[in-house]
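Read off the chains here:
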Amino acid sequence: MKKILIRVGVLMAIALPLSGCSDGWCWPFDCTASKSSSGVVDDSANTTTTTTTADTSTSTTTADTSTTTTTSTDNPGATQVSNTAPITPGGQQEFALSKVNWLHTNVASWPVTHNLTVNLGGGTICMEWGGTATWPTATIRHTDGTRDIKVNANPWVFVWRNGAWYGGTWEWMTPNGNCKPMRVVEGGHIKRPPLTNWTPASGETLYFMVSSLARAGNLNNYQARTNVVRVVWP
C-alpha cells in the first residue's frame, strides 16, 4: 500500500505542471475554473458590451441679443453697433436689420467685410471703411447726363417712420469718395416712399451703413457691406 501511495504521488508531481494546474485540489478536473492561483478572476465569459446611444436631447441655441457698443473717438455723436442697438428716444423700437423695410436691395444677408466710422461736421458726412478703394466698380451715367462715372458703393440710412424702420440708399460713392454734403441725407435723394419727403431732425436717431452697389441692383455682382452705425443727428 505504501508503494502504491508513493507511485501516485510521483505521478501527480509529474502531471500537475503539464496540466496547467497549480492547485492539487482541482486536478484532474477543469483547470479553467473561476479560481486560479494568481487570485485574478477569469471574467472572459462576462464580456461587457457597450452600446453607444445617440443623444436625442435637443440643444437650442439662442441668439445673443445683447449689444456691445463702441463709441467712435472721431465722432462722439456716433456709436458703432453690429446688427442691433438699444431702444432710442421718441417711442422707436429696438433697431435690427431683420425689422427693416428695404426701399432698395435687401442686403442684410451680405457679408460684413469692414467696419464703418461716421463723422459729421462742417456740413459734411464722411463714411470711412476699409473697402473704399478695393471694392470693384461699375460705370453709370452721371445725373447731369454729360459723363460717365465709376461707382462702387451706396450709403444707407435707416429711419424710424410711421411706426416702422425703413432703409434706403441716398447716394452713389466712388472709390475714395467717402464724404458727402449732409444736406443730401434726405428723402429727395432716397426717392422711395414713405421717405420721399423725409428730412432728418436734430436729435433724431439714425443708423448708417455702406454696401456694395445696391441702389439699382448689384451692378457688379459683388456682395459686401459694413456694420451698422448709430448716429444722433446734430
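Only a predicted model underlies this, so the values are computations on that prediction, with no experimental measurement involved. (Residues numbered from 1 in each chain as written. Predicted model: local features only at pLDDT ≥ 70, side-chain atom pairs only at ≥ 80, totals over all residues. Heavy atoms only, no water.)

*Asks:* Could you clarify how one ought to interpret the side chain of Asn-154 in this entry?
*Replies:* Within the secondary structure layout, Asn-154 lies in strand β9 (residues 154-161). For Asn-154, the side chain forms a polar contact with the main-chain oxygen of Glu-171, separated by 2.8 Å. Side-chain polar atoms of Asn-154 contact the backbone nitrogen of Ala-214, separated by 2.8 Å. Leaving out residues up to four positions away in the same chain, Asn-154 has contacts with Thr-169, Glu-171, Trp-172, Met-173, Met-209, Val-210, Ser-211, Ser-212, Leu-213, Ala-214 and Arg-215. (Helix = DSSP H or I, 4+ residues; strand = E, 2+ residues; numbered from the N terminus. Polar contact = N/O pair within 3.5 Å; in protein donor to acceptor, adjacent residues only side chain to side chain. Contact = heavy atoms within 4.5 Å.)

*Asks:* Looking at this structure, I do not really get the sheet that holds strand β11 (residues 179-181). What am I missing?
*Replies:* Working definition: the strands of a sheet are paired by backbone hydrogen bonds and lie parallel or antiparallel to each other. Read across the open sheet, the three strands follow the order β5-β6-β11; overall the sheet is antiparallel. Only two strands of the sheet have a single neighbouring strand rather than two, namely β5 (117-121) and β11. Each adjacent strand pair in this sheet contributes to an overall mean axis angle of 20°, direction not counted. Examined bridge by bridge, strand β6 (residues 124-128) and β11 share three bridges and lie antiparallel to one another. Note that in β11 the partner of Cys-126 across the bridge is Cys-179. (Pairing = 2+ DSSP bridges. Axes fitted to C-alpha atoms, helices over the stretch in contact; angles between N-to-C directions.)

*Asks:* Would you explain unusual backbone geometry in this entry?
*Replies:* Glycine aside, a negative phi is what most residues show, and trans is what most peptide bonds show. Residue Pro-194 is bonded to the preceding Pro-193 through a cis peptide linkage, with omega at 5°. Of note in the backbone geometry, Asn-176 takes a positive phi value of approximately 65° without being a glycine. Tracing the sequence through the fold places Asn-176 in the loop between β10 (164-169) and β11. Judged by its relative accessible area of 57%, Asn-176 is exposed. (Buried < 20%, exposed > 50% of the residue type's maximum accessible area, 1.4 Å probe, protein only.)

*Asks:* Which parts of the structure should I look at to understand the confidence of the model for the protein chain?
*Replies:* Segments scoring low in pLDDT should not have their predicted coordinates read at a detailed level. Averaged over every residue, the pLDDT of the protein chain is 73; the share at 70 or more is 61%. Across the protein chain, strand β3 (residues 100-102) holds the top mean pLDDT of 98, while strand β1 (residues 70-71) sits lowest at 34. Low pLDDT, under 50, characterises residues 13-77; the predicted model gives this stretch 44 contacts beyond four residues in sequence or across chains. In the model, residues 79-87 has pLDDT below 50 throughout and makes 39 contacts with residues more than four positions away in sequence or in other chains. (pLDDT = per-residue confidence, 0-100.)

*Asks:* What exactly am I supposed to notice about the pattern of salt bridges here?
*Replies:* Any two side chains of opposite charge can pair, given that their charged atoms come close. Counting across every chain of the model gives two salt bridges. The shortest N-O distance in the salt bridge between Arg-141 and Asp-148 comes to 2.9 Å. Given the relative accessible area of 48%, Arg-141 is considered partly exposed. The closest approach of N and O atoms between Arg-147 and Asp-144, which form a salt bridge, is 3.6 Å. Accessibility expressed as a relative area gives 40% for Asp-144, which makes it partly exposed. (Salt bridge = Lys/Arg side-chain N within 4 Å of Asp/Glu carboxyl O.)

*Asks:* I would appreciate a short explanation of the state of the cysteines in the present structure.
*Replies:* Two cysteines joined by a covalent bond between their sulfur atoms form a disulfide. All chains considered together, the criterion is met by one disulfide. For Cys-126, the disulfide goes to Cys-179, at an S-S distance of 2.0 Å. Judged by the sign of its S-S torsion, about 110°, the bond between Cys-126 and Cys-179 is right-handed. With a gap of 53 residues between them, Cys-126 in strand β6 and Cys-179 in strand β11 connect regions that are remote in the sequence. (Disulfide = S-S within 2.5 Å.)

*Asks:* How do you make sense of the side chain of His-104 when you look at a structure like this?
*Replies:* By the element assignment, His-104 lies in the loop between β3 and β4 (112-114). At a separation of 3.0 Å, a polar atom in the side chain of His-104 contacts the main-chain amide nitrogen of Thr-169. Not counting residues up to four positions away in its chain, the partners in contact with His-104 are Trp-156, Gly-167, Gly-168, Thr-169, Ile-190, Arg-192, Ala-214 and Arg-215.

*Asks:* Would you mind going over the nonpolar core with me for this structure?
*Replies:* Nonpolar side chains tend to gather and get buried jointly when the protein is soluble and globular. Counting 27 residues, the largest nonpolar core has Ile-125, Met-127, Val-157, Trp-170 and Phe-208 as its most contacted members. Elements with a minimum of two residues in this core: β6, β9, β10, β12 (205-211) and β14 (228-232). The element best represented in this core is β12, accounting for three residues. If we skip the residues at most four places from it in the chain, Met-127 touches Leu-116, Thr-117, Val-118, Pro-155, Trp-170, Met-173, Asn-178, Phe-208, Met-209 and Val-210. Membership of the second largest hydrophobic core comes to 14 residues, among which are Trp-110, Phe-158, Met-209 and Ala-214. (Core = buried A, V, L, I, M, F, W, Y, C linked by side-chain atoms within 4.5 Å.)

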